[in-house]
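The chain contents come next:
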Amino acid sequence: MESVYTRMSQKGIVLPKALEPVGIYLPVQQTGNLLFISGQGCIENGVQLKGRAGVDVSTQEAARRAEVCMRNTLAAVEAYLGSLDRVKKPVKLLGFVAGDDRFTEQAVVINAASQLLLDVFGESGRHARSAIGTNSLPLGLTVEIESIFEIA
């Protein structure tokens, strides 16, 4: 079985350092063989990526920010487990996209996060998912994603 890190290297995927919590919560909570990952925002190199999709940010840029969220998610999982090779599969994503009432491309935005999981985990990266629109997110971020992973 090909290592997650081999796939990441081949695709040029580099993970950031795991984000520190901005509130009173755990970034990762384990119960049995499931990891529940707290919402990871689009924070890149310490910069909060703010704005609402369809208003301040294009759909394409919002999608890039969803990928940033998923990189942050994988960094949190790696920090907790010590290795992403312990992940059996992602189970579920819940993606939130800040936009106005006319913005309806939440699924397109969250597809970028889903694609990153496929790139990292191959076919076992397929998962259940919801993409939700909202008028605002904490810190003014464009995208936030929470997730559940199964570990071996």
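Quantities reported herein were computed from a predicted structural model and do not represent experimental measurements. (Residues numbered from 1 in each chain as written. Predicted model: local features only at pLDDT ≥ 70, side-chain atom pairs only at ≥ 80, totals over all residues. Heavy atoms only, no water.)

Chemist: Teacher, can you tell me more about the overall build of the chain here?
Modeler: On a plain count of helices and strands, the chain comes out with three helices and seven strands. Along the chain direction, N to C, the helices and strands of the chain fall in the order α-β-β-β-β-α-β-α-β-β. If one aligns the C-alpha atoms of the chain with their principal axes, the spans along those axes are about 45 × 35 × 25 Å. For the chain, the proportion of its 152 residues judged to be buried stands at 43%. Taking the intrachain contacts of the chain between residues at least 6 apart in sequence as the baseline, contacts between residues at least 24 apart amount to 81%. Counting only carbon and sulfur atoms, one obtains 51% of the accessible surface of the chain, whose full area is about 7700 Å². Charge-centre separation for the chain: the mean point of 15 positive side chains lies 2 Å from the mean point of 16 negative side chains. (Helix = DSSP H or I, 4+ residues; strand = E, 2+ residues; numbered from the N terminus. Buried < 20%, exposed > 50% of the residue type's maximum accessible area, 1.4 Å probe, protein only. Contact = heavy atoms within 4.5 Å. Areas by Shrake-Rupley, 256 points an atom, 1.4 Å probe, with all protein chains shown as cover. Lys, Arg positive; Asp, Glu negative; His and termini not counted. Charge placed at Lys NZ, Arg CZ, Asp CG, Glu CD.)

Chemist: Looking at this structure, how should I read the environment of Arg129?
Modeler: The topology assignment puts Arg129 in strand E6 (residues 128–134). Residue classification places Arg129 among the partly exposed positions, given a relative accessible area of 28%. In this structure, the C-alpha to C-alpha distance between Arg129 and Phe149, residues 20 residues apart in sequence, is 12 Å. Not counting residues up to four positions away in its chain, the partners in contact with Arg129 are Lys92, Leu93, Ala107, Ile110, Asn111 and Ser114. A polar contact of 3.4 Å, which involves the side chain of Arg129, links it to the backbone oxygen of Ala107. Within polar-contact distance, the side chain of Arg129 engages the side chain of Ser114 at 2.9 Å. (Polar contact = N/O pair within 3.5 Å; in protein donor to acceptor, adjacent residues only side chain to side chain.)

Chemist: For this particular structure, what's the right way to read the pattern of salt bridges?
Modeler: Between side chains of opposite charge, pairing is possible as soon as their charged atoms come close. Under the definition given, this model contains eight salt bridges. As a salt-bridge pair, Arg64 and Glu44 come within 3.1 Å of each other at their nearest N and O atoms. Residue Arg64 is located in helix H2 (residues 59–81), and its partner Glu44 is located in strand E3 (residues 43–44); the two are separated by 20 residues in the primary sequence. A relative accessible area of 33% places Arg64 in the partly exposed class. A salt bridge links Glu61 to Arg65; the shortest N-O distance between them is 2.9 Å. Of the two residues, Glu61 and Arg65 both sit in helix H2, four residues apart, roughly one turn of that helix. In the salt-bridge network here, residues are joined through shared partners; they are Glu44, Glu61, Arg64 and Arg65. (Salt bridge = Lys/Arg side-chain N within 4 Å of Asp/Glu carboxyl O.)

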